[in-house]
Number of protein chains: 2
Amino acid sequence: METLDAIKSRIKVASYADRPIPEEVLEQILEAGRRSPSSRNQQRWTFILVQERDTLQRLSRVWRGAAHIADSAATVAVAAPPSDDPRTIASVHFDLGQAMMSMQLAATDLGVGTRHASVEDWQLGAQILGLPDEWRLSWMMGLGYPADRDVKPVQSHNRKPFNEVVHHERWGG
Amino acid sequence: METLDAIKSRIKVASYADRPIPEEVLEQILEAGRRSPSSRNQQRWTFILVQERDTLQRLSRVWRGAAHIADSAATVAVAAPPSDDPRTIASVHFDLGQAMMSMQLAATDLGVGTRHASVEDWQLGAQILGLPDEWRLSWMMGLGYPADRDVKPVQSHNRKPFNEVVHHERWGG
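A brief structural summary. (Residues numbered from 1 in each chain as written. Chains lettered and ligands numbered in written order. Predicted model: local features only at pLDDT ≥ 70, side-chain atom pairs only at ≥ 80, totals over all residues. Heavy atoms only, no water.)

Now for the relation of the copies chain B and chain A. Here chain B sits on chain A after a turn of 180° about the axis and a move of 0.0 Å along it, with an RMSD of 0.0 Å. Look at the turn and shift together and you get a two-fold axis relating the two. By residue overlap, the copies meet face to face through one surface: 100% of the interface positions of chain B are interface positions in chain A. (Least-squares fit on C-alpha atoms with pLDDT ≥ 70 in both. Contact = heavy atoms within 4.5 Å.)

Below, the structure is given as structure tokens:
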């Protein structure tokens with residue numbers, strides 16, 4: 001799929017089809033994350049690919065909005081080093097956002113739907129995934145073929161108008 | 001360009017060609033940012049497209065690594081609401097990372113090179129761009145046709161090995 005079409009086709013998957021994702025497709029999605037840029041190329045991330053149903057069900061409890069993870073065909077659980085420093089937090093999570101977007105667009109290109117989940121109970125996440133103390137479950141991305149639609153460009157995106165979010169030369173320009 | 005090729009072609013541009021980027025190309029890059037997903041669709045971002053040479057030169061002083069901004073054909077200055085809450089900081093910057101990655105891949109698709117800059121002196125950034133107090137210059141992305149290479153997939157990416165960053169089912173798996 002053309003890149004600009006993938007960008008226009010990526011929307012939150014509403015419901016996952018009960019169909020496994022081939023290993024080579026999952027690998028291409030993870031490879032997109034691995035290739036992602038990061039501050040000073042630090043790559044402060046570990047991607048844990050979860051496909052066991054029992055583990056997916058347990059992971060769906062780390063955040064009130066994560067119920068969909070239980071039904072995903074696979075989930076990428078993203079761990080990163082925790083920090084108390086606001087600049088470090090911003091930098092780490094900016095990089096994680098970049099990696100997640102790369103994976104979402106690779107998935108879209110391959111016909112796979114994606115849906116984010118945040119993490120509130122990271123202690124539970126650490127217990128489920130066996131994370132060491134220096135790593136924290138930070139974000140998750142559910143993957144699955146969409147049950148309800150084909151992956152194709154969507155027109156309406158429920159976003160603020162272009163001229164509201166884009167200014168020229170300076171604020172209000 | 002195919003999405004997976006764009007993902008493999010995106011690298012930091014080493015030097016910008018002295019060639020302007022057509023308006024419709026810049027608009028497609030910004031549109032990719034606008035369409036990006038965000039936590040509860042909050043869209044906590046404003047993209048300021050800077051093309052005036054004098055402003056680019058001044059912006060190149062907001063961070064020690066931002067000198068390249070002075071030579072960019074255009075720069076997207078990304079402003080976001082500041083916060084003292086670590087969870088909010090993580091969430092805002094994760095979303096900004098997603099938007100920046102979308103814009104990078106759209107740019108790559110259109111043959112335009114990209115390069116990040118962080119922001120240290122956000123007070124100077126606010127002064128240059130006329131930002132209100134509720135907004136803070138957070139990241140910048142320099143844009144320009146690469147002077148030194150064509151945009152095409154690269155093999156070597158200087159990343160940690162796949163098996164080091166990707167685990168299966170649980171930590172170490």
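Generally speaking, soluble globular proteins have nonpolar side chains that are buried together. Grouped together as the largest cluster of nonpolar side chains are 29 residues, with contacts concentrated most on A:Phe47 and A:Leu143. Elements with a contribution of two residues or more to this core: helix H2 (23-34), strand E1 (46-50), strand E2 (74-80), helix H4 (86-109) and strand E4 (136-144) of chain A together with helix H6 (162-165) of chain B. Considering each element in turn, this core owes the most residues, 6 residues, to H4(A). If near-sequence neighbours (up to four positions away) are discounted, A:Phe47 is found in contact with A:Leu30, A:Gly33, A:Arg34, A:Val76, A:Ala77, A:Val78, A:Ala99, A:Met103, B:Val165, B:Val166 and B:His167. (Core = buried A, V, L, I, M, F, W, Y, C linked by side-chain atoms within 4.5 Å. Buried < 20%, exposed > 50% of the residue type's maximum accessible area, 1.4 Å probe, protein only. Helix = DSSP H or I, 4+ residues; strand = E, 2+ residues; numbered from the N terminus.)

Here we take up the packing of aromatic side chains. For the structure shown, the criterion picks out 6 aromatic pairs over all chains. Ring centres of A:Trp135 and B:Trp171 lie 5.3 Å apart, and the angle between their planes is 45°; on these two criteria the pair is classed as tilted. With one member in each of two chains, A:Trp135 in the loop between helix H5 (122-129) and E4 and B:Trp171 in the segment after strand E5 (166-168) form a pair that bridges those chains. Over the face of the ring belonging to A:Tyr145 we find A:Arg19, whose NZ or CZ atom lies 3.9 Å from the ring centre. Between B:Arg136 and the ring centre of B:Trp122, over which it is positioned, the NZ or CZ distance is 3.5 Å. (Phe/Tyr/Trp six-rings, centres within 6.5 Å; stacked < 30°, edge-to-face > 60°. Lys NZ or Arg CZ within 6 Å of the ring centre and 35° of its normal.)

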